[in-house]
Amino acid sequence: DIRISAANVTKGAQRLGRMAASVSVKSGKLFGELAELDLEQGGKGEAQFTIDMTGAEPRYTVRADLDDIDLASVSAGRLVPFIEGAGDINFNVTARGASAAEVLETVSGEIALEMPEGARLGFDVDALAEASRANPPRGWGAAASRTTALSALTARFVASNGILTTDAVEATAADRLISVRGTADIDKAAVDLVLSVGQLDAAADLKSATPIGAYRIHGPWAAPAISPVPPSKDARSMSAPANPG
């Protein structure tokens, strides 16, 4: 049974800030808690985790509530590598396996992200139309040369055996509403998503955006195939695509 409180914690060259933690081990099971975590670059949070070594393979459980966290500073950045900025992250996941690949292939649970102060997408939404006309498909094309500034973003995912399925992913960018529906393979970094863009009416509710474009993004995230779909097939009304892996 170990309890630690430190004014500063470092991981290599990375300074994490203040932390209070406790770890206890009993009969092959480890129970841990980060009761207080203040990152030096901003943000704070708490987390609980367990590691069960009593079976044929290790089993893990992690619950975390992180506020105003830079995505680049946490492992969740692997799950959403195309989003930059700070936000609130909540997740409750389980996994099993003796290697990193096995763990990623078995991640299950729920993940939520709120970025009310804005964020930045790693590609240009306005250039998706041009990229979707390429024949044969050439990945992101012009969309990779610029980014998209978002004024707010909300994302909720359900994970099952390493596959993330969108529950609700919506963002606002100036006078547009961007919504996403589909799946992503965490380990293979492959996706099958439909991204829809709607025009917002300043006098209307956000949910009443007029569809102006929709695109299917399918394949490895580094170089997916991008194709247009009818604007009426907006992401909030489509069924989830199949496993991208």
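Conventions adopted
- Residues numbered from 1 in each chain as written.
- Predicted model: local features only at pLDDT ≥ 70, side-chain atom pairs only at ≥ 80, totals over all residues.
- Heavy atoms only, no water.
- Helix = DSSP H or I, 4+ residues; strand = E, 2+ residues; numbered from the N terminus.
- Buried < 20%, exposed > 50% of the residue type's maximum accessible area, 1.4 Å probe, protein only.
- Contact = heavy atoms within 4.5 Å.
- Areas by Shrake-Rupley, 256 points an atom, 1.4 Å probe, with all protein chains shown as cover.
- Pairing = 2+ DSSP bridges.
- Core = buried A, V, L, I, M, F, W, Y, C linked by side-chain atoms within 4.5 Å.
- Salt bridge = Lys/Arg side-chain N within 4 Å of Asp/Glu carboxyl O.

Student: Hey, could you run me through the overall build of the protein chain in this one?
Tutor: Summing up its helical and strand segments, the protein chain has two helices and 16 strands in all. For the protein chain, buried positions account for 40% of its 245 residues. A fraction of 45% describes how many contacts in the protein chain between residues 6 or more apart in sequence connect residues 24 or more apart. Of the roughly 12900 Å² that the protein chain leaves accessible, carbon and sulfur atoms contribute 53%.

Student: Honestly, the sheet that holds strand β10 (residues 148-150) in this entry has me stumped. Any pointers?
Tutor: Read across the open sheet, the three strands follow the order β6-β9-β10; overall the sheet is antiparallel. Every interior strand has two partners, whereas the edge strands, β6 (83-84) and β10, have only one. Inspection of the sheet shows strand β9 (residues 119-121) paired to β10 by three bridges, in the antiparallel sense. In the strand pairing of β10, Leu-121 is matched with Thr-148.

Student: Help me understand the nonpolar core, please; the structure alone is not making it clear to me.
Tutor: Within soluble globular proteins, side chains that are nonpolar generally end up buried alongside one another. Grouped together as the largest cluster of nonpolar side chains are 50 residues, with contacts concentrated most on Leu-128 and Leu-195. Once residues lying within four places of it in the same chain are set aside, the contact partners of Leu-195 are Phe-123, Val-125, Leu-128, Ile-178, Ser-179, Val-180, Gly-213, Ala-214, Tyr-215 and Ile-217.

Student: Would you mind showing me how to read unusual backbone geometry here?
Tutor: Of all residues except glycine, most have a negative phi; of all peptide bonds, most are trans. Residue Asn-135 is joined to Pro-136 through a cis peptide bond whose omega torsion reads 5°. Unlike most non-glycine residues, Ala-189 shows phi in positive territory, near 55°. Tracing the backbone through its elements, the reader meets Ala-189 in the loop between β13 (176-185) and β14 (190-199). Here Ala-189 falls in the partly exposed class, since its relative accessible area comes to 42%.

Student: Even after reading the chapter, I still don't get the pattern of salt bridges, so can you show me in this structure?
Tutor: Side-chain pairs of opposite charge can arise where the charged atoms are in close proximity. Taken as a whole, this structure holds eight salt bridges when the rule is applied. Notably, a salt bridge pairs Arg-18 with Asp-38, separated by 2.4 Å at the nearest N-O pair. Here Arg-18, found in strand β2 (residues 14-26), pairs with Asp-38, found in strand β3 (residues 29-38); they are 20 residues apart in sequence, far enough to count as distant. Arg-146 is the salt-bridge partner of Asp-124, the closest N and O atoms lying 2.8 Å from each other. Here Asp-124 is found in the loop between β9 and α2 (128-132), whereas its partner Arg-146 is found in the loop between α2 and β10, with 22 residues between them in sequence. A residue is classified by how much of its surface remains accessible, and Asp-124, at 8% relative accessible area, is buried. A relative accessible area of 45% places Arg-146 in the partly exposed class. Each of the salt bridges in this network shares a partner with another, and the network as a whole consists of Arg-18, Glu-36 and Asp-38.

Student: It is not clear to me how the environment of Ala-189 should be interpreted in this structure. Could you clarify?
Tutor: Expressed as a C-alpha distance, the spacing of Ala-189 and Trp-221, which sit 32 residues apart in the sequence, is 5.8 Å. If sequence neighbours within four positions are ignored, Ala-189 has contacts with Gly-219, Pro-220 and Trp-221.

Student: What exactly am I supposed to notice about the pairing of strand β16 (residues 225-229) here?
Tutor: Here is the key point about a regular strand: its side chains alternate between the two faces of the sheet. Sheet analysis places strand β15 (residues 210-220) next to β16, joined by five bridges and oriented antiparallel. Counted as the bridge partner of Tyr-215 is Pro-228 from β16.

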